[in-house]
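# Structural features, examined
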Amino acid sequence: ATNALPWHVPLQGAAIRPVHLADPADPTSTRLSDGTLVHLADSGWLHFQDHEKTWDLDLDLGRHTNLFQLEPGDHGRLVEDPGKGLWVMGRNGSVHVSFQGPLFQVYDAAEGLGKVTQVVDDTIADRRFLFSITHGLLVQRLSTGEQLNWWRADPEGARLGGTKWRIANGEHYFHGPLAIYRYDRATDRPRKVLDLDEVLAGSARDRRINDLELDAKQGFAFIGTKDNLLITYDPLTGRSAVREVKPEGSFSGIDLIVETAPFGTDQGLVLAEHGQFIADGFDGPVLPAQDRWHSFRFGPDFRAAGGCVVADTVVVVAGFTDGLFLYDIRRDSLYRPTGIQADRFLISDVFHDGLHHVYAVSREGLLVLDLRHGDLSLFRGSDGLPLENLYYRYMIFRTPWELVLGLTDRYVRFRTRDLVRTDDDGLFLEELTVNGLPLPGLPYRSTGYTWSTDHEHNSIGFRIGRARLDTPPFTKGYIRLDGKPGSVRFVNASEAIHFQSLAEGEHVLELGYSPGGPFFQAMVVDVLPPIWRRWWSIAAMALMLMLATALLVTWRSRVLRSKALMQAEYDARITELELSSLRARMHPHFIFNSLNSIKSFIAANEPRTATRYLNKFAQLVRSILNDSGKAEVDLRSELKGLELYLELERMRFDGSFDLDLRVDPAIDPDRVLVPPLIVQPYAENAIWHGLMHKIGDRKLTINVSRENGALHITVRDNGIGREASRALNAMSARKHRSLGMSITKEVIARSGPGAGVMVKDLKDSNDRPAGTEVHIRIPYRTS
């Protein structure tokens, strides 16, 4: 409260936290919850004292207040906000003092190194490479910082130094003004792998390498020169190719290739001083980008400063004085990001972190483009950026979420998590270790993370951290194991938390801001027992025992069923032989009657009729022999054989019956498959036992259709009916049993689900027999 009106300060978070007020007798001093004594000096300093050391903090530090110099005055007082920091109340306002570390960690390079462009750690070889655009390559021992070598020139005396350092397949490549180098681990020295003078021998071009991009997926490098040339280089074979970006004479002066950006399997975006282009393959054509991306167009005064292609879908391009542009390849759409207005910013280059963010270095500060949300933010000196003007500064990505920005005689490390927007407000687990070794690929994990390990890797370690700009910093707290009061211990942001030799089972690690809580879940560690004691192993052994028992029972059952199986196999074999017999021959009566008919035609001096009959008979027998070994034939072959048989029968009986054969037009007889000779026995039975005994009009109707996914064949005659036929057969001296029909019926029944034969007796209006109708139903199958 002031002498004018009360001032309300919002405290983030839903929970009400205890606030530690200063001692009323001395409002300028207070003791923090961890026991540290803090005193506010009249000069605007905070003095800290704990049981080990003392230190001072200037309240005018940029990361605490950028609006005014705090004047404590006579009524200055301190209020602690646990877990967040300290409120300092002064005569002219309030300052919130955060105990977090700086966002940007600044490291001094060796004196005289000049403008640092790249800082690369090789953890395998214990080397750190500091690359300068002016003074070459400095090599340090990573573990101790010891200076090992300083390469200002290559072994041939050519000056080293450039802007780009790229790693592919574990090898380190960088460029100088006139050459590409690989750092040879075996000899610990740079080795020239491409000489621009040799590649461009005989050319009068102004030679200088301006850009190097090496994509491990494509396997070759794009090299841009000062004067309109694009060089591709294969590190494995040493092969190179040279292409002009624009035809010589189509532009004035030089055409500096500003940047190249590989994408796809073998393409590269080329940003030059006089336009934007796409290079196809290792040595294919270089075409204007607008020929392929129609909306990828900029004004006549646009000069590209840098660009990248993200996931082959989004292109990010920066103009020197035009800000940032985004181009969606799939939608052919060019647009600007949301957030701050950066269309007049002076930008020199952009860098993609390989994940979800693009960074741009500008005269105004560090621009961060969040590709997931499409918004743009700016970080400046007020955010802790050690050098606000980043024009012509270069960046490289060390590990996931960690970046290095080269400055003048210095370089800066920062973490993506500390800068970018996050959608969660929780703590994060950092630097997870197992048995003392870092867990690869896990730079950050949200609290509540569950991790499983085996009983041999049961010693873990981690740190607690927060996203610096979105949530209050984690400074100190208490960790508890499995809810046991005796396991509570104090931790702070700089302290690694270790748990040695955790027992088998699930362990819950909890975090709180006071020894008594409340606590919330930070991490769950599930230590798995040995394989032979895991539930699935015990279940597997039980299953094996059950299987052994089942095998014994099955073996005994097989012994008991062996005779039945042998009998079934014997019956199946007999049935198969019967079916083969049916496919291989016609009814003997038909053959003998056919031969008798031929003899009758010859005896009656009708040789032409006999010859025609004999030819059709031969065709029918040939058709039967062709299909005798097949389980299925096409419907056209089946109907053709049936028509031959019925034509022979009509010739034998002087055409005494009419035939009507119909096939549904929706059925393709060349593709539909049926068992052979399934209609002939029923047609034969209709002729011999139905029609031949009838006086008057005789008609045989055969209809083929498709009903409910099945092939439906109807054989209908208007004969004397089954009852009268059985009476005639009973008076006949020769008994005839239709073996063909009984076997055919079994063939149909075995052709698939729902197959079968149904016989229906037909009656006239006076309920007298009027013929027989046979319905054959088999599955509808096609070839």
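Computed from a predicted model, the values in this text were never measured in an experiment.

## Remarks on the overall build of the chain
Along its length, the chain carries 10 helices and 55 strands. Residue burial in the chain is summarised as follows: out of 783 residues, 46% are buried. For the chain, the proportion of contacts with a sequence separation of at least 24, taken over those separated by at least 6, is 53%. Carbon and sulfur atoms form 53% of the exposed surface of the chain, whose accessible area is close to 40000 Å².

## Considering the pattern of salt bridges
Within this structure, the stated rule accounts for 30 salt bridges. Taking the shortest distance from any N to any O, the salt bridge between K226 and D206 comes out at 2.7 Å. With K226 in the loop between β19 (221–225) and β20 (229–233) and D206 in the loop between α1 (196–199) and β18 (209–214), the pair connects residues that are 20 residues apart, well separated along the chain. D206 sits in the partly exposed class, given a relative accessible area of 34%. Here the salt bridges do not stand alone but share partners, grouping K164, R166, D211, E213 and E259 into one network.

## Things to note about the packing of aromatic side chains
The geometry of an aromatic ring pair is captured by the separation of the ring centres together with the interplanar angle, meaning the angle of the planes. This structure, assessed with the given rule, holds 22 aromatic pairs. With 5.4 Å between their ring centres and 85° between their planes, W293 and F296 make a pair best called edge-to-face. Each member of the pair W293 and F296 is classed as buried. With 4.7 Å between their ring centres and 65° between their planes, Y391 and Y392 make a pair best called edge-to-face. By relative accessible area, Y391 is classed as buried at 16%. Members of the aromatic cluster, each reached through a chain of ring pairs, are F263, W293, F296, F298, F302, F325 and Y327.

## Quick notes on the sheet that holds strand β48 (residues 633–634)
Strands sit in the order β48-β50-β55 across an open sheet of 3 strands; the sheet is antiparallel. Where the open sheet ends on each side, the last strands, each with one partner, are β48 and β55 (781–782). Relative to β55, strand β50 (residues 672–674) is paired through 2 bridges, and the arrangement is antiparallel. Bridge assignment links V672 to a residue of β55, and that residue is T782.

## Some details on a nonpolar patch on the surface
Together, I531, W532, W535 and W536 make up an exposed nonpolar region whose accessible area comes to about 580 Å². The class for W532 is exposed, based on a relative accessible area of 60%.

## Overview of unusual backbone geometry
The phi dihedral of D188 falls on the positive side, at around 55°, and the residue is not glycine. A relative accessible area of 22% places D188 in the partly exposed class. Even without glycine at this site, D409 takes up a positive phi of about 60°. Along the chain, D409 turns up in the loop between β36 (402–406) and β37 (410–415). For D409, a relative accessible area of 30% translates into the label partly exposed.

## Details of the sheet that holds strand β49 (residues 658–663)
As summarised here, the arrangement of the 5 strands in space is β49-β51-β52-β54-β53, forming an open sheet in which the pairing is mixed. If you trace the sheet from one side to the other, it starts and ends with β49 and β53 (756–763), each paired once. Between one strand axis and the next, the sheet turns through 15° on average, direction left out of account. Sheet topology note: the β53/strand β54 (residues 769–779) ladder contains 8 bridges and is antiparallel. When the sheet's bridge partners are listed, G756 is paired in β54 with R777. On top of the sheet, helix α7 (residues 635–652) reaches β49 and β51 (699–707); it is set at about 175° to β49, its chief contact.

## Concerning the pairing of strand β6 (residues 77–81)
Residues in a regular strand project their side chains so that they alternate between the two faces of the sheet. With 4 of its 5 residues buried, β6 lies for the most part within the structure. Direction of pairing for β6 relative to strand β7 (residues 85–90): antiparallel, over a ladder of 5 bridges. Note that in β7 the partner of R77 across the bridge is M89.

## Examining the pairing of strand β22 (residues 257–263)
When you tally the buried positions in β22, you get 7 out of 7 residues, the bulk of the element. Where β22 meets strand β23 (residues 267–272), 6 bridges bridge the pair, whose relative direction is antiparallel. Looking at β23, one finds that E259 is bridged to L271.

## Overview of the packing of α7 against helix α8 (residues 680–691)
Taken N-terminus to C-terminus, the directions of α7 and α8 make an angle of 15°; their axes are 10 Å apart at the nearest point. As the angle between them shows, α7 and α8 are arranged roughly parallel. In the crossing of α7 with α8, the sense of the turn from one axis to the other is right-handed. Here L642, Y645, L646, E649 and R652 of α7 lie close against α8, whose contacting residues are Q680, A683, E684, I687 and W688. Class assignment for the residues of the contact of α7 with α8 results in 6 nonpolar, 1 polar and 3 charged.

## Focus on the side chain of D227
Within the fold, D227 resides in the loop between β19 and β20. Here D227 occupies a buried position and makes no salt bridge, while the nearest side chain of opposite charge, R205, is found at 4.6 Å.

## Brief notes about the nonpolar core
Taken as a class, soluble globular proteins show a tendency for nonpolar side chains to be buried jointly. L700 and L711 are the most contacted members of the largest nonpolar core, which totals 43 residues. Residues V119, W150, A179 and Y183 belong to the second largest nonpolar core, which totals 23 residues.

## Here's the deal with the side chain of Q218
Its place among the elements puts Q218 in the loop between β18 and β19. Within polar-contact distance, the side chain of Q218 engages the backbone oxygen of Q267 at 2.9 Å. Those residues in contact with Q218 that sit more than four places away from it in its chain are P262, F263, G264, T265, D266 and Q267.

## A closer look at the environment of A179
Locating A179 in the fold gives a position in strand β16 (residues 179–184). Assessed through its relative accessible area of 3%, A179 is described here as buried. Separated by 14 residues in the primary sequence, A179 and V193 have C-alpha atoms spaced 7.5 Å apart. If we skip the residues at most four places from it in the chain, A179 touches F174, K192, L194 and I209.

Rules used in this analysis
- Residues numbered from 1 in each chain as written.
- Predicted model: local features only at pLDDT ≥ 70, side-chain atom pairs only at ≥ 80, totals over all residues.
- Heavy atoms only, no water.
- Helix = DSSP H or I, 4+ residues; strand = E, 2+ residues; numbered from the N terminus.
- Buried < 20%, exposed > 50% of the residue type's maximum accessible area, 1.4 Å probe, protein only.
- Contact = heavy atoms within 4.5 Å.
- Areas by Shrake-Rupley, 256 points an atom, 1.4 Å probe, with all protein chains shown as cover.
- Salt bridge = Lys/Arg side-chain N within 4 Å of Asp/Glu carboxyl O.
- Phe/Tyr/Trp six-rings, centres within 6.5 Å; stacked < 30°, edge-to-face > 60°.
- Pairing = 2+ DSSP bridges.
- Patch = residues over 30% accessible without salt bridge, like charges linked within 9 Å, V, L, I, M, F, W, Y side chains within 5 Å.
- Axes fitted to C-alpha atoms, helices over the stretch in contact; angles between N-to-C directions.
- Parallel < 35°, antiparallel > 145°, perpendicular 65-115°, else oblique.
- Left-handed = near helix turned anticlockwise from the far one by under 90°.
- Nonpolar A, V, L, I, M, F, W, Y, C, P; charged D, E, K, R; others polar.
- Lys, Arg positive; Asp, Glu negative; His and termini not counted.
- Core = buried A, V, L, I, M, F, W, Y, C linked by side-chain atoms within 4.5 Å.
- Polar contact = N/O pair within 3.5 Å; in protein donor to acceptor, adjacent residues only side chain to side chain.

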